[in-house]
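Below, each chain spelled out in residue letters.
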Amino acid sequence: MTRDLVLSILKTRKGYVSGELISKELGLTRAAVSLAVKALRKDGYVILSSTKKGYLMKSAPDRLTSGELLTILGPERMRTVSVFDTVHSTNRVLSELAYDDPKDGQVVIADAQTGGRGRYGRSFYSPEECGIYLSCLFRPETPPSSSIPITAWTAVAVSRAVETVCGVQPGIKWVNDLILSGKKFGGILTEMSIEGESGRIRQIITGIGINVNNSPSSFPDELKNTATSLFAETGSTFSRAELACAVIRELDLLRKAWPDGQTEYLREYRARNITTNHTILLMDGSGRTASAESIGDDFSLKIRYPDGSAEKLTSGEISIRPVEEPERTG
Ligand code: BTN
């Protein structure tokens, strides 16, 4: 914790900060400050020191740690944010943490996952030092059936954070895949638990995975054609702490806006949607294709089959078919 507080001071102050000032502000001995600086240097932070002027943060590595998040979010918000190096799955850790005392807005974030979960029982590739794996707990008052759009709202929230921090405009493939240049760089897994007796929502955990600084060649073969990262799309690396904090802030706004702010989230979801006006394949094993027509007011997907019949999908998995090239003649 001392380390986090010293980091927070060094990262937020311009110029040199004297050891005396740091120790006074934090109520620590000079020796404790010096030990914290030593630990930070060991972790890759380049901190200059001058006997007269004190310490200066020269450069910082891209770390997703409680110290980095504290610097941006402040101590109040950090009360319900838990940061880990490696966990099995942040969704699982959050649901265990929240078992006795689920707190609205509680967040679990990790540098790596060994059992990252995706939708439909798939795994989510979660290597260390390049991605964001974040879960947030939500306790809405709305009934379970009308809370399903929270996943779509979350896709909008994460897209906004990415746009603010990285300057790119993500598209959303229905329901909740985050897309750049036709490839997926992020996904959302929402898990809801309901009280058996009352039928009310006990908690919703939205788990967000973002490929941030992954190099394109680092993806496993089975993902190479479909996955991308913010680095691969822009050629720039981004501070994961900054992006994670932007996501947390957007999720806080989402919880405040729920459910009355529907119009704005729906408008933005429709604007970011990349699914309609394409032929889609239903990934339910039936092999059926359809044309994706529109996004309904409840974030459902209206599709039309080749025989002319229509259906409204409220959940499920689809794949967008590539646009067919016209046949070459002559
Ligand atoms: C998907 O695209 O299928 C959803 C992927 C969701 C991955 C995130 S990473 C953080 C959270 N913890 C998990 O185990 N999964 C979600």
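Use the structure listed above.
Calculation criteria
Residues numbered from 1 in each chain as written. Predicted model: local features only at pLDDT ≥ 70, side-chain atom pairs only at ≥ 80, totals over all residues. Heavy atoms only, no water. Helix = DSSP H or I, 4+ residues; strand = E, 2+ residues; numbered from the N terminus. Pairing = 2+ DSSP bridges. Axes fitted to C-alpha atoms, helices over the stretch in contact; angles between N-to-C directions. Contact = heavy atoms within 4.5 Å. Buried < 20%, exposed > 50% of the residue type's maximum accessible area, 1.4 Å probe, protein only.

Student: Can you help me understand unusual backbone geometry in this one?
Tutor: Glycine aside, negative phi is the norm for most residues, and most peptide bonds take the trans geometry. Note that the residue after Trp 174, namely Val 175, is joined by a cis bond; omega there is 5°. Residue Pro 259 follows Trp 258 across a cis peptide bond; omega there is -5°. Among the structural elements, Pro 259 can be located in the loop between α8 (240-257) and α9 (262-272). Look at Glu 129: it is not a glycine, yet its phi comes out positive at around 65°. Mapped onto the secondary structure, Glu 129 falls in the loop between β4 (107-113) and β5 (131-138). The backbone of Ser 181 shows a phi angle near 45°, a positive value even though the residue is not glycine.

Student: How should the sheet that holds strand β7 (residues 177-180) be read in this particular structure?
Tutor: Picture the strands of a sheet paired through backbone hydrogen bonds; they go either parallel or antiparallel. Taking strand neighbours across the sheet as the criterion, the 7 strands line up as β3-β4-β5-β9-β8-β7-β6 in an open arrangement whose pairing is mixed. Strands with a single pairing partner mark the edges of an open sheet, and in this sheet they are β3 (81-87) and β6 (171-173). Strand after strand, the sheet turns through a mean of 20° between neighbouring axes, direction not considered. Where β7 meets strand β8 (residues 183-194), 3 bridges bridge the pair, whose relative direction is antiparallel. Its bridge partner lying in β8, Ile 179 is registered against Lys 184. Contacting β4, β5 and β9 (201-211), α8 crosses the sheet at an angle of about 20° to β5.

Student: Just checking my understanding: could you explain the environment of Pro 216 for this structure?
Tutor: One can find Pro 216 in the loop between β9 and α7 (230-234). Residue Pro 216 is classed as partly exposed on the basis of its relative accessible area, which comes to 45%. Sequence spacing of Pro 216 and Leu 64 is 152 residues, and the spatial spacing of their C-alpha atoms is 21 Å. Residues contacting Pro 216, with those up to four places away along its chain left out, are Lys 224, Phe 231 and Ala 232.

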